[in-house]
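# Reading the structure
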Amino acid sequence: MTGKERAPRNRTVTISEEEKAFYESKLCPVKKDREDKFLESDFLDRIFNDTLENLAASLPEKSVDLLILDPPYNLSKDFGKMKFGGRSDEAYEAYLESWFPKLIPLLKDTASVYLCGDWKCSNSLYKMCKKYLKTQNRITWQREKGRGAAHNWKNCTEDIWFATVTDDYYFDVEAVKQKRRVIAPYKENGKPKDWEDTDEGKFRLTFPSNFWDDISVPFWSMPENTDHPTQKPEKLIAKLILASSRPGDLVLDPFMGSGTTAVVAKKLGRHFVGSEINPEYCMWAMKRLDMAERDKTIQGYEDGVFYERNSGK
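A quick note: this is a predicted structure, and the numbers were derived from the prediction, not measured.

## Some details on helix H4 (residues 89–103)
- Under the 1.5 Å per step criterion, the end-to-end length of H4 is 22 Å for 15 residues, consistent within 8% with the ideal 21 Å.
- Roughly 30 degrees is the biggest bend found in H4, and it falls at Glu-97, with proline Pro-101 one to four residues downstream.
- Taken as a whole, H4 has its buried residues at Tyr-92, Glu-93, Tyr-95, Leu-96, Trp-99, Phe-100 and Leu-103.
- Where the residues of H4 are buried, they touch helix H3 (52–58), strand E2 (64–69), strand E4 (83–84), strand E5 (107–117), helix H5 (122–132) and strand E14 (250–253).

## Digging into the pattern of salt bridges
- One pass over the full model with this rule turns up 17 salt bridges.
- Among the ionic pairs, Lys-232 bridges to Glu-158, the shortest N-O distance being 3.6 Å. Of the two residues, Lys-232 is situated in the loop between strand E13 (211–212) and helix H6 (234–244) and Glu-158 in strand E7 (residues 157–164); the sequence distance between them amounts to 74 residues. You'll find Lys-232 and Glu-158 in the same group, each marked buried.
- Glu-308 is the partner of Arg-180 in a salt bridge, and the nearest nitrogen-oxygen pair spans 3.6 Å. Separated by 128 residues along the polypeptide, Arg-180 in strand E8 (residues 178–181) and Glu-308 in the segment after strand E17 (305–307) bring together distant segments of the chain.
- Classification of Arg-180 as partly exposed rests on a relative accessible area of 24%.

## Observations concerning unusual backbone geometry
- Look at Lys-62: it is not a glycine, yet its phi comes out positive at around 55 degrees.
- Summarising the element assignment, Lys-62 is placed in the loop between H3 and E2.
- Its identity is not glycine, yet Asp-303 carries a phi of approximately 55 degrees, on the positive side.

## A word on the nonpolar core
- One finds Leu-69, Trp-99, Leu-103 and Leu-252 to be the most contacted residues of the largest nonpolar core, which totals 78 residues.
- Ranked by residue count, the leading element in this core is helix H8 (residues 279–294), at eight residues.
- What Leu-69 contacts, discounting residues up to four positions off in sequence, is Trp-99, Phe-100, Leu-103, Val-113, Tyr-114, Leu-115, Cys-116, Pro-254 and Phe-255.

## Quick word on the packing of helix H1 (residues 17–24) against H8
- Across the interface, H1 lies against H8 with an axial gap of 10 Å and an inter-helix angle of 95 degrees. By the criterion of interaxial angle, the relationship of H1 to H8 is roughly perpendicular. Touching Glu-19, Lys-20, Phe-22, Tyr-23 and Glu-24 of H1 are Met-283, Met-286, Lys-287 and Asp-290, all from H8.

## Overview of the side chain of Glu-93
- Tracing the chain through its elements places Glu-93 in helix H4.
- A polar atom in the side chain of Glu-93 sits 3.0 Å from the side chain of Ser-124.
- Among all residues touching Glu-93, those that are not within four sequence positions of it are Ser-124, Lys-127 and Met-128.

## Re the packing of aromatic side chains
- For the coordinates displayed, the defined rule picks out 16 aromatic pairs.
- Ring geometry for Tyr-95 and Trp-99: centres 6.0 Å apart, planes at 70 degrees, overall edge-to-face. Of this pair, Tyr-95 and Trp-99 both sit in helix H4, four residues apart, roughly one helical turn. Accessibility assignment for this pair places Tyr-95 and Trp-99 in one class, buried.
- A network of ring pairs unites the aromatic residues Phe-84, Tyr-92, Tyr-95, Trp-99, Phe-100, Tyr-132 and Phe-255 as a single cluster.
- We note Lys-239 situated over the ring of Trp-212; from NZ or CZ to the ring centre the distance is 4.6 Å.
- Lys-239 extends its terminal NZ or CZ atom over the ring of Phe-306, reaching a point 5.4 Å from the ring centre.

## Here we look at the state of the cysteines
- Enumeration over the complete set of coordinates arrives at zero disulfides.
- Summary of cysteine pairing: Cys-129 is not part of a disulfide, and the nearest cysteine sulfur, belonging to Cys-116, is at 11 Å.
- By relative accessible area, Cys-129 is classed as buried at 0%.
- In this model Cys-156 remains outside any disulfide bridge; the closest cysteine sulfur is found in Cys-121, 16 Å from its own.

Rules used in this analysis
- For every chain, the first residue of the written sequence is number 1, and numbering continues from 1 along that sequence.
- Given that this is a predicted model, residues contribute local features only at a pLDDT of at least 70 and side-chain atom pairs are listed and counted only at 80 or more, while totals for whole chains, interfaces and linings are drawn from all residues.
- Side-chain descriptors were evaluated using all non-hydrogen atoms of the structure, hydrogens and water having been removed beforehand.
- Only DSSP runs of H or I reaching four residues or more are called helices, and only runs of E reaching two or more are called strands; each is numbered from the N terminus.
- What a helix should span is 1.5 Å times the count of its residues minus one.
- Two axes are fitted around each residue, one to the seven residues ending there and one to the seven starting there, and the angle between them is reported as the bend at that residue.
- Each residue's exposure class comes from its accessible area (1.4 Å probe, protein chains only) as a fraction of the maximum for that residue type: buried when under 20%, exposed when over 50%, partly exposed otherwise.
- Pairs of residues are marked as contacts when any of their non-hydrogen atoms sit within 4.5 Å.
- We count a salt bridge whenever a side-chain nitrogen from Lys or Arg sits within 4 Å of a carboxyl oxygen from Asp or Glu.
- Take the buried residues of types Ala, Val, Leu, Ile, Met, Phe, Trp, Tyr and Cys, join any two whose side-chain atoms come within 4.5 Å, and each joined set is a nonpolar core.
- To obtain each axis, a line is fitted to C-alpha atoms, and for helices this fit is confined to the stretch in contact; angles are then taken between N-to-C directions over 0 to 180 degrees.
- Any angle that is under 35 degrees is reported as roughly parallel, and any over 145 degrees as roughly antiparallel; angles of 65 to 115 degrees are reported as roughly perpendicular and all others as oblique.
- Pairing of N or O atoms within 3.5 Å defines a polar contact, subject to two protein rules: one partner must be a possible hydrogen donor and the other a possible acceptor, and residues neighboring in sequence count only if both atoms are side-chain atoms.
- For Phe, Tyr and Trp, where Trp contributes only its six-membered ring, two rings pair if their centres lie within 6.5 Å, and the inter-plane angle classes them as stacked under 30 degrees, edge-to-face over 60, or tilted in between.
- A ring has a charge above it when a Lys NZ or an Arg CZ is no more than 6 Å from the ring centre and no more than 35 degrees off the ring normal.
- Pairs of cysteine sulfur atoms within 2.5 Å are what we label disulfides.

Any link to function would need more than the numbers given here.
What follows is the structure, encoded as structure tokens:
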């Protein structure tokens, strides 16, 4: 559907004209004339080609275990059916205020929220978390990509604010440990201390910190890649879902984009619901969900642990 010439080894998800007709028939908006809330069977494991506001108005209160938000950053960006323009901090905060409070009633008392942004809008996102939730931490993750700057520091990190509804929330630190190569192995009584000697080398499992340097941004040779301009990596979303939800929990993403949250939730045995106003992005997401029926691997995650970047996993 993009009309781009692809190299033979390019694995970017695309939609053929035949697939377009198939997935287009499955696009589903929220029914505008409904007066009651959705039943679980109406929304479970579905992406709605509709606005956040329409979806939020139809979901039952206290139904969501985990909310993942990747809204437009305070930058000028073309999202196909919607162009977002950079604006003042005050105007951006007014934009956040126009929809953020509508999501809060949907959250269970034990729910967690992750709110993505960059350096320019991170302070505004923190204000939303502080006003409506209990802020627990800020994650900073390092992108491999990033344009060089002749007169400034290269911008190669983004933030994710971690907040909860109450102080009674679920967090599984064992599910998000990272397998790191041991550079200076220490032994005690002649045996490895806190590390393991394997055929692949010396490794230890480490507790996750709030700085992530193991994330690869999707690119053309990865089967999760799409032409979405701000696609999040599956590995990144997997960490959020594994840490802050249980199998069978409901994950909400009202800025679904090309479907990464839905795909990862499916691969990890969680339920999902989301909205996306661009029909083409919805079709990419539906194709990726079909692909996840056959392939549940997540790059950089294997046998219950996360590996360092460029480890071959």
